[in-house]
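# Summary of structural features
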Amino acid sequence: MKILSIFEIVKNSLLAVQFDHKEENEFRHLFNLWKDYEFLESFFEDNLIDLNSGFYEETEIENAVLLTIDDAKKTEKRIFELATKGQTNTDEVLQNIFKPLISDSFDITLERQKAYGLRKKSWLRIYAIRISPNRFVITGGAIKLTKTMNDREHLIKELEKLEIAKKYLKENYLIEESDFYYSDIIRSE
Amino acid sequence: MIKNEEMNENVKRLFADAIPDTKWMEEAQWRIDNEKWLDISGKIALKVLRTLRKKGVSQKELAEKMGVSPQYVNKIVKGSENLSLETITKLETALEIQLIEVKSYQYEAEVVSSPVSDVNSNAPGYKTKLELVCCSGQSEWNENEKPKAA
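Residues numbered from 1 in each chain as written. Chains lettered and ligands numbered in written order. Predicted model: local features only at pLDDT ≥ 70, side-chain atom pairs only at ≥ 80, totals over all residues. Heavy atoms only, no water.

Within the structure shown, the criterion is met by 24 salt bridges over all chains. Between Arg28 of chain A and Glu27 of chain B there is a salt bridge, with its nearest N and O atoms 2.7 Å apart. Of this pair, Arg28 of chain A sits in helix α1 (residues 26–33) while Glu27 of chain B is found in helix α2 (residues 22–33), placing the two residues in two different chains. Look at Arg28 of chain A and you get buried, because its relative accessible area is 12%. The partner of Glu35 of chain B in a salt bridge is Lys73 of chain A, with the nearest N and O atoms 3.3 Å apart. Taken together, the residues Glu35 of chain B in helix α3 (residues 35–55) and Lys73 of chain A in helix α4 (residues 61–85) connect one chain to another. Among the charged side chains, a network of salt bridges with common partners joins Glu41, Glu45 and Glu62 of chain A together with Arg50 and Arg53 of chain B. (Salt bridge = Lys/Arg side-chain N within 4 Å of Asp/Glu carboxyl O. Helix = DSSP H or I, 4+ residues; strand = E, 2+ residues; numbered from the N terminus. Buried < 20%, exposed > 50% of the residue type's maximum accessible area, 1.4 Å probe, protein only.)

Let us now look at the interface of chain A and chain B. On the side of chain B, 36 residues touch chain A, which itself brings 44 residues to the contact. For the chain A and chain B pair, buried surface summed over both sides reaches about 3,700 Å², with 61% attributable to carbon and sulfur atoms. Three residues stand out in chain A for area buried against chain B, namely Tyr37, Phe80 and Tyr173 of chain A, and they jointly supply 19% of the buried area on that side. Across the chain A-chain B interface, the total number found is twelve salt bridges. Run the count over chain A and chain B and you get 24 residue pairs in polar contact (both at pLDDT 80 or more). If you list the elements that add at least two residues to the side of chain A that touches chain B, you get β1 (3–10), β2 (14–19), α1, α2 (37–46), α4, β4 (124–132), β5 (135–143) and α7 (153–173) of chain A. At eleven residues, α4 of chain A tops the list of elements feeding residues into the side of chain A that touches chain B. Sheet topology places β1 of chain A next to strand β1 (residues 19–20) of chain B; two bridges connect them, and they run parallel. (Contact = heavy atoms within 4.5 Å. Buried area = accessible area lost by both parts, 1.4 Å probe. Polar contact = N/O pair within 3.5 Å; in protein donor to acceptor, adjacent residues only side chain to side chain. Pairing = 2+ DSSP bridges.)

Everything listed is a geometric property; what it means functionally is a separate question.
Structure follows, in structure tokens:
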């Protein structure tokens, strides 16, 4: 898996990679996938045990699909607003949308979610590398129904994609590893 | 560790090399403009998908029953197809389910505060309205005209 090109989603702030096995960049790919009812119905059917494992509030597949569609729609609108108006003309900044990935894997996240109610946080994740304040490179995304990323194949693949992108940016743009951190996206309210 | 200025130059170069994604902007704008019917199309797609799974019917079999191509059925279940009434009724017949419901016509008439017994029972407008008032539990009687409880 190699990086073919890099696309600019939001001027001077948001980039997305395109891998050689995909026809579109990761950002467009995600939003096309998250509006695809066939994909979502099949995904939740295949991951039914994780869906009802208690990490999130138990729900029917139909409801899970509709929640996902709704979350994706709201998230896309937030980023679309940034893209059309620019970061300086809205109250929104990318830094508000993306959160450090590391907290996603710790117990503290679950505690926080419990305090706010489990559906406060979306299971949608957009994975990115922060290259400077309010500047991110999207490397992929997933529906994350489990606490950590290390025990589900589709999530492990996302970690690999992050590593490939990190290496690519380091080799081609001399951006040091210490300047990166991974981020994910939180539920849009 | 590279210095901040060098880092900025590298980031600038990265952005300069990036290809603007105008296609996503167009697609996102289209999704916003067409949100209402897309929501309905999606809900129909989901019902079709769940019915296919429950009944163990493949998309290909559904396509045969409807007399359309499997590719078209696949477009329907993705939830972004602007479906015609003809297609919706074909889906309903093939799957033996109801997908949409159009509410029955309700006759609206001017409300006149008169006791039920005074209303001509052959006048459908008055009768319908009074029945609705009764069912909704909301009284439109004037306090003085209200029938006294026995």
